[in-house]
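Per-entry structural report
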Amino acid sequence: MKHADKVISLMAAHPGRDFRMHEIARYVCPSPQSQRERSAINRAVHRVVEALVDSGSVMKRKPRMNGGFGMYRWKVTHAGVTGA
């Protein structure tokens, strides 16, 4: 989980806000040097976010229609406390 710290810091700083996977990957690496690096970043970020979904810290909203994009949100628990 190479980029877990960056993903968590971004999403936990904005609990309740929806993020597209693209936005999270751009935060982790704003200007990749090649298409190969961009693909590697996207795969790594996807693994981190899916692990957070499995742990219950992040909620996933499926695409509304075919060809759409999923949204990811840091879970807000009771009384404004974040996390699971």
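Our structure's up above, just so we're on the same page.
Residues numbered from 1 in each chain as written. Predicted model: local features only at pLDDT ≥ 70, side-chain atom pairs only at ≥ 80, totals over all residues. Heavy atoms only, no water.

1. A few points about the nonpolar core
- Val7, Met11, Ile24, Val45 and Val49 are the most contacted members of the largest nonpolar core, which totals 18 residues.
- Of all elements in the fold, only α1 (4–13), α2 (21–28), α3 (35–55) and β3 (71–74) reach the threshold of two or more residues within this core.
- For this core, the leading source of residues is α3, giving 5 residues. (Core = buried A, V, L, I, M, F, W, Y, C linked by side-chain atoms within 4.5 Å. Buried < 20%, exposed > 50% of the residue type's maximum accessible area, 1.4 Å probe, protein only. Helix = DSSP H or I, 4+ residues; strand = E, 2+ residues; numbered from the N terminus.)

2. A look at α1
- Those residues of α1 not exposed but buried are Ala4, Val7, Leu10 and Met11. Take α1 and look down its axis: the buried residues cluster within an arc of 140 degrees, on one side only. Turned more than 90 degrees off the buried face of α1, the exposed positions are Asp5 and Ala13.
- For α1, the secondary structure elements touched by its buried residues are β1 (18–19), α2, α3, β2 (58–61) and β3. (Arc of directions from axis to C-beta. Contact = heavy atoms within 4.5 Å.)

3. So, the sheet that holds β3
- The sheet built from 3 strands is open, its strands ordered β1-β3-β2 with antiparallel pairing. Lying at the two open borders of the sheet, with one neighbouring strand each, are β1 and β2.
- With 4 bridges connecting them, β2 and β3 associate as antiparallel partners. By the bridge assignment for β3, Val58 is matched with Trp74.
- Contacts from α1 reach β1, β2 and β3, with the element oriented near 75 degrees to β3. (Pairing = 2+ DSSP bridges. Axes fitted to C-alpha atoms, helices over the stretch in contact; angles between N-to-C directions.)

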